[in-house]
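Residues per chain, in single letters:
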Amino acid sequence: MIDDVVLSPTPFVGRDEDFARLRALLDPEAGSLGAHAALLAGEAGVGKTRLLRELALQAQEDGALVLVGHCLDLDAGALPYLPFSDAFGRLRREHPEQADLAITAAPAIARLFPSRRMMGQVEAEDSRVDRSELYEAVYDALVTLAADQPVLLVIEDVHWADESSRHLLSFLLARPSDSPVRIVASYRSDDLHRRHPLRAALAEWGRLDGVARLALGPLRASDVRQLVHSLRSGPVTEQSMRAIIDRAEGNAFFAEELVAALDDSSALLPLDLAELLMVRVERLSADARQIVRAAAVAGRRVSHPLLAAVLDLPDNELDQAIRVAVDSYVLVLSGDSGYAFRHALLAEAVYEDLLPGERVRLHAAYAQVLAKGEIPGTAAELARHARKSLDQPTALVASIRAAKEAMDVAAPWEATRHYEEALALWPAVHPDSSPGDPELVALTLSAAEAMSAAGHPFRAQSLLAERLASLPDDADTADRLWLLHEAATVEVSIALYDEAYRHATEALALTDGAQANEGRARSVALLARTALEVDHDEEASSWAMEALAQARELGLVETEAGARETLARIGQRSGAPEEAERWLIEAVERATSGGTGAVVAELRVRMTLAFLYYDLGRVDEAIEQLQATVRRGAEAGMPWSVHAMDARVLLTLAEYNRGNWDESERVASVVGDSPPPYAEAALAAAATLVMAGRGQVKLLRLLPLLRTWWRKDALIPVNIATPAMEMLQLSGDPIAALDIRDEIAASVAASWGNPLFLAQIRLAAVAVGVAAKASRDWSEAERKAAVKRLSPVVAKATEAAHGWVSADAVRPLGPEGVAWLDRLRAEWLRLRLLADVDPPTPSELIAAWRIALESATADNMVFEQARCQARLGAFLLAAGETEEARELIDAARVTGRRLGAEPLLAELRELGTAPRRSAANAAEGLTAREREVLSLVAAGRTNRQIGQALFISGKTASVHVSNILAKLGAGSRTEAAAIARRDALID
């Protein structure tokens, strides 16, 4: 195998269509598509070399002789015919017998072998070789080599080719033969300036018969995403992913470099990449470089009037310099009156290459022009240039204005950034300002509102806590009141209930003796809500009724909606769900009538209504409310606010429970979004349920990323607990599964201040199930130790369930809670039976699993229903009740196949009751194409080989194979082949 044709460490992604097209063009049996040569164009780093390596590798597998030659950027010092010498030199090293054959057939080509081109190596009596003789010799050598096997000649980077090599290549392209000789030449399209010598050659080659031209475009965003995941073993946040996709712009090399730099927070741009990008800029004229530097300070794009005003060059010099930058593919036209960098990374590289003084001067020039208002610009642009030019007063004013403008157009994420910059600038601009300065307090409140709407509640809480702590005793009462309101509101949204109740109590104390006004009404409503969260139900009810009355009197729609929501939750707790539903429906109506100002209240109320429906087992209605919450949050420009995000998480879980796993994955997916870290972590935790159900052990790589959020949001570890335990077991470490249950239970208990939280039931049920399954491989002592370890876990979960429905707190456990409690009892009996510790009788065990199945079915927990069917079926088989067992196992298998639940299917296969499909039924379910694929599967072909045989991509072949396995009920390709032969589905 030649040096270049090795499997590259860089995965081959996103080029299946280009690869198939290139192969088809060079296939002598491809009919009208056939060609004897192809010209492959693409910008630097887009993936030409990787594609050619794959082509060469495939050609070698097909039995072809592959010759690869490279052109080098040696300017005038290039060796004539360098790529051909390179190709023949490799032939000599790797296939000496073939090299001798070529020289015998065409002796003149010996002059192109590297050994004959070194100083002192050419014999004095050697005569000169005529150019036409040399060309004929190369042609004859290739034809001779092709007599026994196809020949593929690859010439890379012909934009650097010397003139002699271009002429020789012209000769070969113009003279096709009947021999299986194929030629592919690649070049950089972005290096071809107007006077590049290759331009004329390409025009000539493109007119030749049998010469095809292919342009390799940028990778799609999905391809870059796949590339990043294949290069990065650990998790990549969606924000990092989006940054790589946006900055790489479909260039594979750029993406690779950015991935490599992910762990290097000190570098904005990898050094090697920056140096490569700057090569093109350094070749520009002095005026053009000045233009490019000024444009880089503006950003990715700049308008012509703004650039001209900043540079203040004569029009003719400005136009000429811009023309040079455009002709060199550094800048491109953008719209009717502007310019953009060809690549965003090129703008970054130029900017980073500027000296500090240059940056400051250019930013100052932009700020001065924008401040005059003569040329259109935004407050955000002015803020950036003023800040970078160290004009802090201007930057502060512009940042606040930019933040307000962002909030006005429902863009809280941008507003958050501007407000944070303004807060950072405040001390420098107002060094003598007090922490209680009304303007600073107003800025803090606005920033906290933006942070919460943008999905950064923890940052908002930290900011407000810091401002409250620094507030002097003589601060304005109104300022303190609104800071306390905002702090309590944020704290209750992130489950800091004790702090929220304390701040709400302080806020209400500030309104003592005041007449009914907005501050008093909001304080009362807030105290009612927080009192409920700390289980002061009677106090909450009293304050909520007062808040409702004041809100009605003052026409405060948002406050009224919040009071109604509190009263509804009190009704739900007291066992009056119908009354709670009525309160909530009225609250939604009031919130939606309040315009945009009541959006947060609407989102919160809808979420509470969804929870009510969910607890009542009215899952369809719950999902409708969750969908409405997610949709309303997006419409209001706050899709990542706490309530909108919580709705999306719960919707992910609801669709999972209903067995709509693809929809669950879709809801949880943040692909294409730029979520804040908290929202991404919460959704990723919910999405792991489907991953675990389908046996994707890779979810374990998410644990380090999600662990950092466990103490901040207890629902994240609660949601990931079940998947983590199941996947640790699947990976062969059930003890680690039990350990992580203990860790998560301790973390959640600490966060909520309650060791008897309701999720203890599910965590215990799954942990006991893990131990029961693992016990088959454990010794007797290990099984008994597991029972001893899990006995207090089961007891605590049972205590949590009983406490939830105790007489002094009449709260329905809910269908899901009941289902998990019944499942816990059944799993506990299973473990004790297998461990022989106070074992139940077979009838007790079967009865417990029947109850668990009924509960899972009643709550429409589709996957858990199937698992209960499988485990009940197993015990029925053991009891000799095979007919009922088979019905249950078959039903579970249908669900498992529909969901793609491989671990469940593996559990069912162990039972050995797979139904035999008749040949007629199997044949009826297969399409004609699937029959072809099945024949090749039975012949032992890989997906790639199937694709080649049927002229489809390997990915399409994989889809066909998956469909065939599902239709035949086969667990593997081998099993599918056996079924096909057994039932005469193939010849």
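These lines cover the structure that appears in this document, whether it is placed above or below. Residue positions are given per chain, counted from 1 along the sequence in the order it is written. Totals for whole chains, interfaces and linings use every residue, but because this is a predicted model, local features are given only for residues with pLDDT of at least 70 and side-chain atom pairs only at 80 or more, for both listing and counting. Each side-chain value is derived from all of the structure's non-hydrogen atoms; neither hydrogens nor water enter the calculation.

### A closer look at helix H25 (residues 537–554)
Then, number 1: Labels follow the DSSP assignment, with helices taken as runs of H or I lasting at least four residues and strands as runs of E lasting at least two, numbered in each case from the N terminus. Here the expected length of a helix is defined as 1.5 Å per residue gap, with one fewer gap than residues. For H25, built from 18 residues, the straight-helix expectation of 26 Å at 1.5 Å per residue is met to within 8% by its first-to-last C-alpha distance of 25 Å.
Then, number 2: For each residue, the accessible area found with a 1.4 Å probe, counting protein chains only, is set against the maximum for its type, and the residue is called buried under 20%, exposed over 50%, and partly exposed in between. Every buried residue belonging to H25 is among Ala540, Ala544, Ala547, Leu548, Gln550 and Ala551, and all of these are buried.
Then, number 3: Turning to H25, the residues buried within the fold contact helix H24 (518–533), helix H26 (557–573) and helix H27 (577–592).
Then, number 4: Looking one or two residues beyond H25, the residue adopting positive phi is Gly555, at roughly 70°. Contacts were defined at the residue level, with two residues in contact if any of their heavy atoms lie within 4.5 Å.

### Structural notes on the nonpolar core
The tendency in soluble globular proteins is for nonpolar side chains to be buried side by side.
Then, number 1: Core analysis: the biggest nonpolar cluster contains 126 residues, and Leu706, Ile716, Met725, Ile740, Ile744, Leu790 and Leu831 have the highest contact counts within it.
Then, number 2: Per-element tally for this core: the top contributor is helix H32 (residues 677–693), with 12 residues.
Then, number 3: Residues contacting Ile744, with those up to four places away along its chain left out, are Trp710, Pro717, Val718, Ile720, Ala721 and Leu763.
Then, number 4: Among buried residues, those of type Ala, Val, Leu, Ile, Met, Phe, Trp, Tyr and Cys that are joined through side-chain atoms within 4.5 Å constitute a nonpolar core. In this structure, Val13, Ile245, Phe254 and Ile375 belong to the second largest nonpolar core, which totals 62 residues.

### Quick notes on unusual backbone geometry
Excluding glycine, most residues fall at negative phi; most peptide bonds, likewise, are trans.
Then, number 1: In this model, Tyr329 sits at a positive phi of 60°, which is unusual for a non-glycine residue.
Then, number 2: Tracing the sequence through the fold places Tyr329 in the loop between helix H14 (315–327) and strand S7 (331–333).
Then, number 3: Its identity is not glycine, yet Asp535 carries a phi of approximately 65°, on the positive side.
Then, number 4: As for its placement among the helices and strands, Asp535 is situated in the loop between H24 and H25.

### Thoughts on the packing of aromatic side chains
Then, number 1: Any two of the Phe, Tyr and Trp rings considered here, Trp counted by its six-membered ring, make a pair once their centres fall within 6.5 Å; the pair's planes then place it as stacked at under 30 degrees, edge-to-face at over 60, or tilted in between. Summed over all chains, the structure comprises 12 aromatic pairs.
Then, number 2: Relative to Phe171, the ring of Tyr135 lies with its centre 5.5 Å away and its plane at 45°, an arrangement referred to as tilted. Here the residue Tyr135 occupies a position in helix H5 (residues 131–145), and Phe171 occupies one in helix H6 (residues 163–174), the gap between them amounting to 36 residues.
Then, number 3: The interplanar angle of 5° and the centroid separation of 5.4 Å between the aromatic rings of Tyr656 and Trp661 together place this pair among those described as stacked. Assigned by exposure class, Tyr656 and Trp661 land together as buried.
Then, number 4: By the ring-pair criterion, three or more aromatic residues cluster together here, those being Tyr81, Tyr135 and Phe171.

### Notes on a negative patch on the surface
Then, number 1: For patch building, the residue pool is restricted to those with more than 30% relative accessible area and no salt bridge; the joining distance is 9 Å between like charges and 5 Å between nonpolar side chains (Val, Leu, Ile, Met, Phe, Trp, Tyr). Using a 1.4 Å probe, accessible areas were evaluated by the Shrake-Rupley method; residue-level cover was limited to the displayed protein chains. What makes a salt bridge here is a side-chain nitrogen of Lys or Arg within 4 Å of a carboxyl oxygen of Asp or Glu, nothing more. Lys and Arg are tallied as positive, Asp and Glu as negative. Neither His nor the chain termini are counted. Here the site of a charge means atom NZ of a Lys, CZ of an Arg, CG of an Asp or CD of a Glu. Together, Asp272, Glu275, Glu282 and Asp353 give the surface a local cluster of negative charge.
Then, number 2: Here the negative patch gets three residues from one element, more than from any other, and that element is helix H11 (residues 271–282).
Then, number 3: Within the element layout of this structure, Glu282 appears in helix H11.

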